[in-house]
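# Overview (structure and organization)
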Amino acid sequence: MLFSELGLSPEVLQGVEAMGYESPTPIQAQSIPAILEGSDIVGASQTGTGKTAAFALPILSLLSGKEGRLRCLVLEPTRELAAQVAEAFTELGKFSKMRSLLVHGGVGYGKQREGLEQGYEIVLATPGRLLDHAAQGAINLKNCDILVLDEVDRMLDMGFLPDVRKIVKMCPEKRQTLLFSATMPAQIDSLAKWALKDPIEVEIGRRRGVAETVTHAFYPVSMDQREGLLMELLSRTDFKSVMIFTRTKADADKLTQIIRTKCDYKVTVLHGDIRQSDREKALKGFRDGTFDVIIATDIAARGLDVSGVTHVINYQVPENPEDYVHRIGRTGRADSEGDAFTILTAPELDFAESIERYVGQKIERRKLENFDYIYTSLLETEKPKPILRVRRGGPKRRRR
Ligand code: AMP
């Protein structure tokens, strides 16, 4: 299938060509014609499948010639995702006249307000800041023909669904709504039923699947050796760029300090307590190769597209199986291969097993050759022999 067969406008096709995309990915081939026809869409897809262009391209096509008013609102759960999607709109829309505006928290209101007054056609926003502007009367959604609710499962995790509902109510009834979510729990299903009209379902691959281009394994170790094993994994791996995920912000900071002092890697850190400008610097530096290691909490796990991440390391097993899939989805994006290592200690065994149930496969346990392991039961490969039952009332006495 070719992009030129999907009904996109000539300016948008020029944008596709400039990006070097040769043929549409499956989610693009399914979504683009449906969106161009004006249908509502519920889309589920694995990370890195080309979902952003699947909605950005037809939106840019549909809006051409409708300049000067806010026509399309895209809601994203995090500032980073909003910025990334804004960039995709700018790149793909290079030859279209549409202008897009980024509206998220952590930065001043002034420029955003000016942009909203000027009537940028496409607004990419996080829910909280958008509602702030609405409360100040700075945003008018009555001409918003197209509403995109992206990464809705993440919005649910972050407690944004009530805000999303408020924003939906501010849009005109007659509109096109596109909803994307990797998973579809009951609350999202009911949001979709309420906000969408006769949606077409687009689902690519297994909903819970791990991207096929990623190989992944658990590395069992005793708790005292977690840090040592991480250092060993880093030194033995020929990586170009690695993302290390920690469960808490404090762990991310601590690990960053340790790696900075003990190793030569160019390391940076990304989590919710870091100032917005520093978060941007960290991501930009990681993207352009200034840093080769980024240590992050789950804020960075969802949807962020950093091309060329060769390795992902989970410093702890994520508690939520969906986070595992999202985290390791940072590598192996588009067609490139990736490796994901997860350090596993005994208290995390339940989380590991629930991940295996979730992804529907047993995940390989690997041991590092010549690493001086302290004993942990996790490293036992043979099943323990059954313990002999002791009779109640103590051992039977032999009769004389
Ligand atoms: P996404 O799933 O939207 O985060 O996209 C993942 C990556 O795939 C991004 O770097 C896109 O630029 C890239 N991409 C999207 N569509 C295509 C395509 N049709 N051909 C090649 N790369 C693509």
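### Considering the overall build of the chain
Helix and strand counts for the chain come out as 14 helices and 13 strands. Looking at the 400 residues of the chain, the share that counts as buried comes to 54%. Partitioning the contacts of the chain with sequence separation of at least 6, the portion at a separation of at least 24 is 76%. Of the roughly 19,800 Å² of accessible surface on the chain, 48% is carried by carbon and sulfur atoms.

### Some remarks on the nonpolar core
Membership of the largest hydrophobic core comes to 32 residues, with the highest contact counts inside it found for Phe 55, Leu 57, Ile 59, Phe 89 and Leu 178. Of all the secondary structure elements, the ones that give two or more residues to this core are helix H1 (10-19), helix H2 (26-36), helix H3 (51-63), strand S2 (72-75), helix H4 (79-92), strand S4 (122-125), strand S5 (146-149) and strand S6 (176-180). It is H3 that provides the largest number of residues to this core, a total of 8 residues. In this structure Leu 178 touches Ile 35, Ser 39, Ile 41, Phe 55, Ile 59, Ile 146, Leu 147, Val 148 and Leu 149, once residues within four positions along its chain are discounted.

### So, the pairing of S5
Burial of the side chains of S5 extends over both faces: Ile 146 and Val 148 are buried on one face and Leu 147 and Leu 149 on the other. Summarising the sheet, S2 and S5 pair through 4 bridges and their orientation is parallel. Among the inter-strand pairings, Val 74 is bridged to a residue of S5, identified as Val 148.

### Quick notes on the sheet that holds strand S12 (residues 311-314)
Spatial ordering of the open sheet is given by S8-S13-S12-S9-S11-S10, a layout of 6 strands whose pairing is parallel. A single partner strand is all that each edge strand has here, and the edge strands are strand S8 (214-220) and strand S10 (267-270). This sheet shows a mean twist of 20° between the axes of neighbouring strands, independent of strand direction. Sheet topology places S8 next to strand S13 (residues 338-344); 7 bridges connect them, and they run parallel. Bridge pairing in S13 links Ala 217 to Phe 341. Where helix H10 (residues 226-236) meets the sheet, its contacts fall on S8, strand S9 (242-245), S12 and S13, and the angle it forms with S13 comes to roughly 160°.

### Thoughts on the packing of H10 against helix H11 (residues 249-262)
Between H10 and H11, the shortest axis-to-axis distance is 12 Å and the interhelical angle comes to 55°. Taken together, the axes of H10 and H11 lie oblique to each other. The way H10 lies across H11 gives a crossing that is right-handed. Residues Glu 227, Leu 230, Met 231 and Leu 234 of H10 form the contact with H11, whose participating residues are Leu 255, Ile 258, Ile 259 and Lys 262.

### Focus on unusual backbone geometry
In this structure, Asp 198 is a non-glycine residue whose phi angle is positive, near 35°. Within the fold, Asp 198 resides in the loop between helix H9 (186-195) and strand S7 (200-204). Owing to a relative accessible area of 71%, Asp 198 belongs among the exposed residues under this scheme.

### Considering the side chain of Lys 51
Relative to the elements of secondary structure, Lys 51 occurs in helix H3. By relative accessible area, Lys 51 is classed as buried at 16%. Looking at Lys 51, its side chain comes within polar contact range of the side chain of Glu 151, at 2.9 Å.

### Quick look at H4
Along its 14 residues, H4 runs 20 Å from first to last C-alpha, staying within 8% of the 20 Å computed at 1.5 Å per residue. Residues of H4 that are buried include every one of Glu 80, Leu 81, Ala 82, Gln 84, Val 85, Ala 86, Ala 88, Phe 89 and Leu 92, and no others.

### Let's talk about the pattern of salt bridges
Pairs can form between side chains of opposite charge once their charged atoms are near each other. Counting across every chain of the model gives 21 salt bridges. Here Lys 281 and Asp 278 are joined by a salt bridge, their closest N and O atoms 3.6 Å apart. Here Lys 281 and its partner Asp 278 are both found in helix H12 (residues 276-288), 3 residues apart, which amounts to about one turn of the helix. Among the salt bridges present, the one from Arg 365 reaches Glu 356, with a minimum N-O distance of 2.6 Å.

### Let's talk about the confidence of the model for the chain
Across the chain, the average pLDDT comes to 88, with 88% of residues at or above 70. Across residues 393-398, confidence stays below pLDDT 50; counting only partners more than four residues off in sequence or on other chains, it has 1 contact.

What counts, and where the lines are drawn
Residues numbered from 1 in each chain as written. Predicted model: local features only at pLDDT ≥ 70, side-chain atom pairs only at ≥ 80, totals over all residues. Heavy atoms only, no water. Helix = DSSP H or I, 4+ residues; strand = E, 2+ residues; numbered from the N terminus. Buried < 20%, exposed > 50% of the residue type's maximum accessible area, 1.4 Å probe, protein only. Contact = heavy atoms within 4.5 Å. Areas by Shrake-Rupley, 256 points an atom, 1.4 Å probe, with all protein chains shown as cover. Core = buried A, V, L, I, M, F, W, Y, C linked by side-chain atoms within 4.5 Å. Pairing = 2+ DSSP bridges. Axes fitted to C-alpha atoms, helices over the stretch in contact; angles between N-to-C directions. Parallel < 35°, antiparallel > 145°, perpendicular 65-115°, else oblique. Left-handed = near helix turned anticlockwise from the far one by under 90°. Polar contact = N/O pair within 3.5 Å; in protein donor to acceptor, adjacent residues only side chain to side chain. Expected span 1.5 Å × (residues − 1). Salt bridge = Lys/Arg side-chain N within 4 Å of Asp/Glu carboxyl O. pLDDT = per-residue confidence, 0-100.

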